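# Summary of the model geometry
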Amino acid sequence: MSDLSWIDAAITGARPQAVAALLRYFRNLETAEEAFQEACLRALQKWPVNGPPRDPAAWLILVGRNFALDEARKRSKQQALPDEEVLSDTGDAEAAMADRLDSEDYRDDVLRLLFVCCHPDLPATQQIALALRIVSGLSVQEIARAFLVGEAAMEQRITRAKRRISQADVPFETPGAVERAERLSTVAAMIYLLFNEGYSASGGELHIREPLCEEAIRLSRLLLRLFRGNPEILGLNALLLLQHARAPARLDAEQNIVLMDDQDRRLWRRELIAEAFALLDKAVRLQQPGPYQIQAAIAAVHARAPRSEDTNWHEIDRLYALLETIQPSPVVTLNRAVAVMKCDGPEAALAMVEPLEPALSSYFHFHGLRGGLLMQLNRNDEARVAFDKAISLANTAAEAAHIRTHLDKLAAEGKKRQAH
Amino acid sequence: MLYAVICYNSEAVVGAWSKEKDDAVMAHHQGVLAKFAAKGKLGPVARLMPTTTATTVRTGREMIVLDGPFAETKEQMLGFYLFDCETLDEVIAAARELVHEPGCMEIRPVQFFEPGALKNAAAGK
């Protein structure tokens, strides 16, 4: 076998489960990571010769665990081993290990590993960076590039975050049902944040960072494989797939933003949309609506329309109204205003938007939408002020450029009027 | 003789493939399939969506519908059907009718489908 890329793929696929199990054994993130690294090194030596193991995750866990135990024994004079009780539930055979990888313990292991990254003391961007490093196994260089910061700065950020969680109590007991649900929702929120960081970058030149979106989808699929019947995780998966499906149409060749109305829908990734529909079908049968499912349902309405003029805006308005009742937020109302604009016109939408000013005065999209509505109502001076404000709050060059096209349109109209 | 060739792999691994890698794998498969299609030796081909999209209908004493894939290593795959249904409920209803003896049917949406064309479709020849 000359092409060894399968080893890379197998290790990447096995990583979350393997690191999570090692974390349970050793109750220390650093030891778990070290053990995993060593197991990977050995895999690179053994697998090309012996071929792929039956279950790469089980192999890596066993080898990593044995390595770390040896290390601990070597240091046992200085450092106590973990309690025998902690280590006693470790089987010897790879097959036995592989069998247990399907059990609930391991499911909770991976959830715990993700949950540890979501420590409430850590700012959101550090949670994301940590999850990318520890769970996904991206290199510091890759993460730094994704966040458009220097490698040294990212290294420091991740080290600091790791120190933070090593001092915190990691919850090692098996969670109860309520606790498990809480952990799931915290982790889901982190994955959603990670996706959004890629979907609409919060700084810099690049407007979309696909690798972050893809990583978020990979993590949400992992979570869904572990918690298959969870309606909100189904919803989160569907939502991310539907949003990501539009990526090829969201920017033109010059990297300018193309709004959904103007996107070439033939570029949308149909295979992702089909998968999302299948997941939503399952979620609907469970009859426990939640915010991710509703947002996915909204994205699905767009995905179902062959042309933008076929969009069922009344359905979108209805779904946003539902979202407003179960998760009220000014941003949700702002989004609903777009549906109201399509159904009832700009005046009704503006009436919905204006009261949001105190809450959203420093939100780019608020001023962008408000300017757009004022422009439709021919209140051009006010529109110009709103657009100027939006530009000053733009997160990326593409966002600013998009608003500038509106301002140019207003300027051209002004000139035309003067000429007459 | 008609043969079914069934593809197995770890979803954790396949799910971690980049789009380029996935496209390359599909292109390789298409190349092989084209060769056999040209000789009239290829029947329907389907790539299924991930098991996360699966629903299972199982019958024992009573019929139950589960929100997950079939996951019982003690049972073996015996065959499969392709249905073209409008909704998940419709195909669940079909599976319910099919599960006559105690056993189970897993429902998995199809991601890629190629109808193929076999000249001699009779099994056992």
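Above this note sits the structure.
Computed from a predicted model, the values in this text were never measured in an experiment.

### A short note on the overall build of chain B
- Counting its regular elements, chain B contains three helices and five strands.
- Listing every helix and strand of chain B by position from the N terminus yields α-α-β-β-β-α-β-β.
- Along the three orthogonal principal directions, the C-alpha set of chain B runs to about 45 × 40 × 30 Å.
- The proportion of buried residues among the 125 residues of chain B is 22%.
- Considering only contacts within chain B whose residues lie at least 6 apart along the sequence, 70% involve residues at least 24 apart.
- Carbon and sulfur atoms form 57% of the exposed surface of chain B, whose accessible area is close to 8,900 Å².
- Across chain B, 13 positive and 16 negative side-chain charges occur, with their mean positions spaced 12 Å apart.

### Comments concerning unusual backbone geometry
All names here are of chain A.
- Even without glycine at this site, Arg-27 takes up a positive phi of about 55°.
- Here Arg-27 lies in the loop between helix 1 (5-26) and helix 2 (29-50).
- A positive phi angle, close to 70°, is found at Gln-255, a residue other than glycine.
- By secondary structure assignment, the location of Gln-255 is in the loop between helix 12 (231-245) and helix 13 (270-286).

### A few points about the packing of helix 10 (residues 177-199) of chain A against helix 12 of chain A
All names here are of chain A.
- The contact between helix 10 and helix 12 brings their axes to 11 Å, and the two run at 5°. Classified by the angle their axes make, helix 10 and helix 12 are roughly parallel. For the pair formed by helix 10 and helix 12, the contact residues are Leu-184, Ala-188, Ile-191, Tyr-192, Phe-195 and Tyr-199 on the first element and Ile-233, Leu-236, Leu-239, Leu-240, Gln-243 and His-244 on the second.
- Here the residues of the contact of helix 10 with helix 12 sort into 10 nonpolar, two polar and no charged.

### A short note on the interface of chain A and chain B
- Contacts between the two partners involve 22 residues from chain A and, on the opposite side, 24 residues from chain B.
- On the chain A side of the interface with chain B, the three residues burying the most area are Arg-228, Lys-282 and Arg-285 of chain A, jointly 33% of the side's total.
- Here chain A and chain B share one salt bridge between them.
- Between Arg-285 of chain A and Asp-89 of chain B there is a salt bridge, and its shortest N-O distance comes to 2.9 Å.
- At the junction of chain A with chain B, the criterion picks out five residue pairs in polar contact (both at pLDDT 80 or more).
- Counting residues per element, the ones that place at least two in the side of chain A that touches chain B are helix 1, helix 11 (210-226) and helix 13 of chain A.

### Overview of the pairing of strand 3 (residues 63-66) of chain B
All names here are of chain B.
- Inspection of the sheet shows strand 2 (residues 55-59) paired to strand 3 by four bridges, in the antiparallel sense. Residue pairing in the sheet places Thr-59 in a bridge with Met-63 of strand 3.
- Hairpin connection, strand 2 to strand 3: the antiparallel pair is bridged by three residues.

### Quick notes on the environment of Pro-50 of chain B
- With respect to the element layout, Pro-50 of chain B can be found in the loop between strand 1 (45-48) and strand 2.
- In this structure the C-alpha to C-alpha distance between Pro-50 of chain B and Glu-11 of chain B, which are 39 residues apart in sequence, comes to 7.2 Å.
- Setting aside its immediate chain neighbours within four residues, Pro-50 of chain B contacts Glu-275 of chain A together with Glu-11 and Arg-108 of chain B.

### So, the side chain of Glu-33 of chain A
Residue and element names in this part refer to chain A.
- Checked against the element boundaries, Glu-33 lands in helix 2.
- On the basis of relative accessible area, Glu-33 is assigned to the buried category, the value being 9%.
- Reaching out from Glu-33, the side chain makes a polar contact with the side chain of Lys-162 at a distance of 2.8 Å.
- The contact partners of Glu-33, leaving out residues within four places of it in the chain, are Arg-15, Ile-134 and Lys-162.

### Some points on the packing of aromatic side chains
- Counting across every chain of the model gives six aromatic pairs over all chains.
- Judged by centre distance (6.3 Å) and plane angle (80°), the rings of Tyr-25 of chain A and Phe-26 of chain A are edge-to-face. For the pair shown, Tyr-25 of chain A and Phe-26 of chain A are each scored as buried.
- Between Tyr-192 of chain A and Tyr-292 of chain A the ring centres are 5.5 Å apart and the planes differ by 80°, which places this aromatic pair in the edge-to-face class. Placement of the pair is Tyr-192 of chain A in helix 10 and Tyr-292 of chain A in helix 14 (residues 291-304), with a sequence separation of 100 residues. Across the pair, Tyr-292 of chain A and Tyr-192 of chain A agree in class, each one buried.
- Linked through ring pairs, Trp-6, Trp-47 and Trp-59 of chain A together constitute an aromatic cluster.
- We note Arg-250 of chain A situated over the ring of Tyr-199 of chain A; from NZ or CZ to the ring centre the distance is 3.6 Å.
- Here the basic side chain of Lys-39 of chain B rests over the ring of Phe-36 of chain B, its NZ or CZ set 4.8 Å away from the ring centre.

### Concerning helix 9 (residues 151-167) of chain A
Residues and elements named next belong to chain A.
- End to end, helix 9 covers 24 Å across 17 residues, agreeing with the expected 24 Å (1.5 Å per residue, within 8%).
- Those residues of helix 9 that sit buried are Met-154, Ile-158, Ala-161 and Ile-165. Along helix 9, the residues classed as buried sweep out an arc of 60° about the axis, all on the same side. Set apart from the buried face of helix 9 by more than 90 degrees, the exposed residues are Ala-152, Ser-166 and Gln-167.

Conventions used here
- Residues numbered from 1 in each chain as written.
- Chains lettered and ligands numbered in written order.
- Predicted model: local features only at pLDDT ≥ 70, side-chain atom pairs only at ≥ 80, totals over all residues.
- Heavy atoms only, no water.
- Helix = DSSP H or I, 4+ residues; strand = E, 2+ residues; numbered from the N terminus.
- Buried < 20%, exposed > 50% of the residue type's maximum accessible area, 1.4 Å probe, protein only.
- Contact = heavy atoms within 4.5 Å.
- Areas by Shrake-Rupley, 256 points an atom, 1.4 Å probe, with all protein chains shown as cover.
- Lys, Arg positive; Asp, Glu negative; His and termini not counted.
- Charge placed at Lys NZ, Arg CZ, Asp CG, Glu CD.
- Axes fitted to C-alpha atoms, helices over the stretch in contact; angles between N-to-C directions.
- Parallel < 35°, antiparallel > 145°, perpendicular 65-115°, else oblique.
- Nonpolar A, V, L, I, M, F, W, Y, C, P; charged D, E, K, R; others polar.
- Buried area = accessible area lost by both parts, 1.4 Å probe.
- Salt bridge = Lys/Arg side-chain N within 4 Å of Asp/Glu carboxyl O.
- Polar contact = N/O pair within 3.5 Å; in protein donor to acceptor, adjacent residues only side chain to side chain.
- Pairing = 2+ DSSP bridges.
- Phe/Tyr/Trp six-rings, centres within 6.5 Å; stacked < 30°, edge-to-face > 60°.
- Lys NZ or Arg CZ within 6 Å of the ring centre and 35° of its normal.
- Expected span 1.5 Å × (residues − 1).
- Arc of directions from axis to C-beta.

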